[in-house]
Amino acid sequence: MAPVRVLVADDDRVVSAQLCGILRAAGYSPMPVFDSIQAIMFAMRDPSPNAIILDVNMPGGTGLETLRKLRMSAKTMHIPVLVVTGGTDPNVAETAAEIGADDFLRKPIEPDALREAMVKLVPPPPAKR
Amino acid sequence: MISSTALAPIALGVGIAVGASVARLAGRRRRRGKASTSDRLLVAAYEALSCGVVVRNADGSIVYSNRAGRDLLGLLGDGSGLETPGSLRLYTERGVVLTADEWPTERARRSGLPVHGELLRVGLGDAGTERWILADAVPLKSDDGATVERTVLSMVDVTAQRRAEQQYRTIVDTVGEVIYQMNLNGCWTFLNPAWKTVTGFGARESLGSESLSFLVPEERGPVAAQFRRLVHGELAHQRVEARFRHRDGSERWIEIHARAARDAAGRVSGTSGTMRDITDRKTVEAAERGARAAAEASSRAKSEFVANMSHEIRTPMNGVGGMLDLVLDTELTSEQREHLELAKSSTDSLLTVINDVLDFSKIEAGRVVIDVHPFELRDNLADAIASLRPRARHKGLELEVEVDADVPDSLVGDWARLRQVVVNLVANAIKFTARGGVHVRIALHAHESAGLALHVAVRDTGIGIPQEKHAAIFEAFTQADTSTTRHYGGTGLGLTIAARLVEAMGGRIWLESEMGVGSTFHFTVNCARGSDHSATRVRPASQPSVARSLNVLVVEDNAVNQRLAVGLLERRGHRVTLASNGRDAVDATARDSFDVVLMDVQMPVMGGLEATTLIRARERGSGRRIPIIAVTAHAMRGDRAACLEAGMDAYVTKPINADELFRVLNGVSAGQPASARSTGDTPDDAPNVVPVLDETEFLRLAGGDPALVRELAAIFIDEYPRLVQTMRGAIEQGDMAALRDAAHTLAGASGSIAAPAVRMTAKRLEGIGRAGAADDARAPFVLLETSLAALHARLDVIARRDAV
């Protein structure tokens, strides 16, 4: 069974480790990156990730800019993206959806909500026996 | 690397020349059987060549070889009867043996075209004698050009270069430092294997990538700028320390030594140099900084504790003082009066000492907040000095005050702090002067359109201070001599406090002194010019009492404070009703009508804020509004805002000071809200009810995985010092955007591990970073460090917990 790879782009190493930990437990193969440029670099690389989690506030360009770029490239436009934010701006969800985010979560990340959102984007591979 | 393109034309040229002359030689030999002198000269010349030359017939037999050629191929015999030894093998660069058909001469013969610049290895069966050659083969065609009669092989021995190259390659491959080259676009063109060790990224996969993308984003701009200077020839060499992002996500400190690289024409083609991981060194440095910061934080925490004790100590002391005042106001025998006055002066000096210690600890805790307001200099100064006149008179000293005419009267600054420094210096001068007097002069130090600086000089005719003590005198716990402490008393903190306050107001303090003649303390403070309008607004009422008799409701649960308030008010002719909590106050105001309510904020049953809200709700629509004055325990900024929000009109601070109370009463009863400023406590918003860490929630956020909890705890411990460092720097430099970003990250991280105390303060700092001043951030930052220290201890335990 091929691994389901999730690119996790968040500059906060604690949040990144939390996201990756929960994803790993749910059967995904998370790949952490820590800024927008690396996010784009790894999203373009072969094989493409099966899903991407993007933080809104990241150095090197915001997650929303990154999302815009991902949506413009034929290679990455189809990859489902979950946007997360620690900010309080009430309009982020709407803006993210307009740019093409598939789902949206606020921090701190609730494990259940994350798993639910991820299953909708791309189901994890069946658990190994 | 050996440049085969550079050597090949030479070898080829020699090959063609040799081929042609050998052909000529062979032809002559056939015709005449004897070589001419010039032919012999030619042969001698070939023999002398270091380049090996071999001429072969179409059938592969050797017609001619010079000495170098014979040596290289180990040819047997001499002159024309040469044979190749059976052990002779030619190999490709990679060690694949060439068959007879694959020899360059054979290929040149078959194709009729020259072969050139082939790097080959020559083996003679003994590994030690293997040579590297750069070979050319030239076909020699028959006169009609139809067939190739002979081939000429020329060989350059490149074994030495090859060995040197191998040696360099071994060094480049095994050295611990990264060796790199990049082009003008900043893309890697060469990286040795150390690159992978240092960054986790493979050298090959990184080639062609933009070098800056491996840096953490904040570093990219500055590093790019440094490399531009190199490429533009502004600098010959650069040493840069920058943070790279390792493939595993961690940050690594890397030291880069770079020079401009040039192409053959001398044009800059990029940069090259070395990089090495200096994370360990940086970690040690950071740990040292962290330890220092922790020590400072702990010292601040202690000072914080003392500062927090402030009202706990002052409240009873003021109670005693206030009660003594009340008794002294009654009829007493002269003996009683004398005793009580002694008790009163003892209380006052004890309060002074306590205030010194508390002020000092507050300054040490970094809790001094400079509060800027408009004030009138001359009146206020006269008031402040008036309080010191009895002391001067008592010692028979003159006390003069002089303000230069060009000093404006309306100023904006922290008068309370300025007053504290002046009073401190004057009191000090009086203390150490036995004869003569004390002279205070205020002059304009400097002025610009934006603001001005005052120069205050306090001169005495006292004992003087020896030169060698001048520097130490502003340090904590110092008097000119420890014996002076015994002789003159005091805490020795007065000048330290004055110096720190002056610093906080953006000024400096210094001293001129001559033993036996006297001392002059100078200091400067920054102020702004005030408008007359704003100055009069906060000018303290000079009338110490309210014009008419008021019906006052005092809401206070503490019996001593009740008595004090009642005493003060009744002596001024006001009528007082008592309520001991908010609930009673709400009932009392419903029942009777009062001119004003003095409302304690913290009370059992119902607090002052709630009571005020209820009273205001009831008043709504009635057209009435009873003035309510808050009585707050520590004059916190948050309290102040909360009081006004709840609908109170003004506030006074506990313990109640008569002047302050009547000033506010005056304002309120005259229908204008007034507020008294506290000269005591600074804001204190310790979120002591907010938990440091909610472990249950933490486990839930980690998806119920204890291993992830441990991992997150360890990462947090690893990460936060950097953020704190960034925030401290940002506050010092007033870089609010940096403060906002670091605080945002910390808020996010602490949210993910369910650390509410740190998260709350970080959020507040983020807010200040978004719309606030660096000075506002200082108090919350101290708080943040305290909470983080507590959190660190908790997380440390969790991170070390063994896996079950």
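Everything numeric here is computed off the predicted structure, so don't read it as measured data.

(A) Summary view of the pairing of strand E17 (residues 509-514) of chain B. As paired strands, E17 of chain B and strand E18 (residues 518-529) of chain B are joined by six bridges and run antiparallel to one another. Bridging across to E18 of chain B, Ile509 of chain B finds its partner in Phe523 of chain B.

(B) Representation of the sheet that holds strand E22 (residues 628-632) of chain B within the structure. All names here are of chain B. Read from one edge to the other, the open sheet built from five strands follows the order E20-E19-E21-E22-E23, with strand pairing classed as parallel. Only two strands of the sheet have a single neighbouring strand rather than two, namely strand E20 (575-579) and strand E23 (650-653). Across the sheet, the mean angle from the axis of one strand to that of its neighbour is 20 degrees, orientation sign disregarded. As paired strands, strand E21 (residues 596-600) and E22 are joined by four bridges and run parallel to one another. Looking at the pairing, Met599 lines up with Ala630 of E22. Contacting strand E19 (551-555), E20 and E21, helix H19 (residues 582-591) crosses the sheet at an angle of about 160 degrees to E19. Strands in contact with helix H20 (residues 608-619) are E21 and E22; relative to E21, the strand with the most contacts, it is inclined by about 150 degrees.

(C) Summary view of the packing of helix H1 (residues 13-25) of chain A against helix H5 (residues 111-121) of chain A. All names here are of chain A. Between H1 and H5, the shortest axis-to-axis distance is 10 Å and the interhelical angle comes to 60 degrees. Taken together, the axis directions place H1 and H5 in an arrangement best described as oblique. Crossing of H1 over H5 shows right-handed handedness. In contact with Leu19, Ile22 and Leu23 of H1, H5 contributes Pro111, Leu114, Arg115 and Met118. Per-class residue counts for the contact of H1 with H5 are six nonpolar, no polar and one charged.

(D) Inspection of the pairing of strand E3 (residues 51-55) of chain A at higher detail. Residues and elements named next belong to chain A. Within E3, five of the five residues are buried, which leaves the element mostly enclosed by the surrounding structure. As paired elements, strand E1 (residues 5-9) and E3 share four bridges and run parallel to each other. Paired with Val8 across the bridge in E3 is Ile53.

(E) Quick peek at the side chain of Asn192 of chain B. Residues and elements named next belong to chain B. Tracing the sequence through the fold places Asn192 in the loop between strand E8 (188-191) and helix H6 (194-199). For Asn192, a relative accessible area of 0% puts it in the buried group. A polar contact of 2.8 Å, which involves the side chain of Asn192, links it to the backbone oxygen of Val172. Of note is the side chain of Asn192, whose polar atom sits 2.9 Å from the backbone nitrogen of Ile179. Those residues in contact with Asn192, other than ones at most four positions away along the chain, are Val172, Val175, Glu177, Val178, Ile179 and Ala203.

(F) Structural detail: the packing of H1 of chain A against helix H24 (residues 706-733) of chain B. Look at H1 of chain A against H24 of chain B: their axes get within 9 Å of each other, and the N-to-C directions meet at 165 degrees. By the angle between their axes, H1 of chain A is roughly antiparallel relative to H24 of chain B. Considering how the two elements wind past one another, H1 of chain A and H24 of chain B form a crossing that is right-handed. Residue-level inspection shows Arg13, Val14, Ala17, Gln18, Gly21 and Ile22 of chain A of H1 of chain A in contact with H24 of chain B, the latter providing Leu708, Glu711, Leu712, Ile715, Phe716, Asp718 and Glu719 of chain B. Considering only residue class, the contact of H1 of chain A with H24 of chain B consists of seven nonpolar, two polar and four charged.

About the cut-offs
- Residues numbered from 1 in each chain as written.
- Chains lettered and ligands numbered in written order.
- Predicted model: local features only at pLDDT ≥ 70, side-chain atom pairs only at ≥ 80, totals over all residues.
- Heavy atoms only, no water.
- Pairing = 2+ DSSP bridges.
- Helix = DSSP H or I, 4+ residues; strand = E, 2+ residues; numbered from the N terminus.
- Axes fitted to C-alpha atoms, helices over the stretch in contact; angles between N-to-C directions.
- Contact = heavy atoms within 4.5 Å.
- Parallel < 35°, antiparallel > 145°, perpendicular 65-115°, else oblique.
- Left-handed = near helix turned anticlockwise from the far one by under 90°.
- Nonpolar A, V, L, I, M, F, W, Y, C, P; charged D, E, K, R; others polar.
- Buried < 20%, exposed > 50% of the residue type's maximum accessible area, 1.4 Å probe, protein only.
- Polar contact = N/O pair within 3.5 Å; in protein donor to acceptor, adjacent residues only side chain to side chain.

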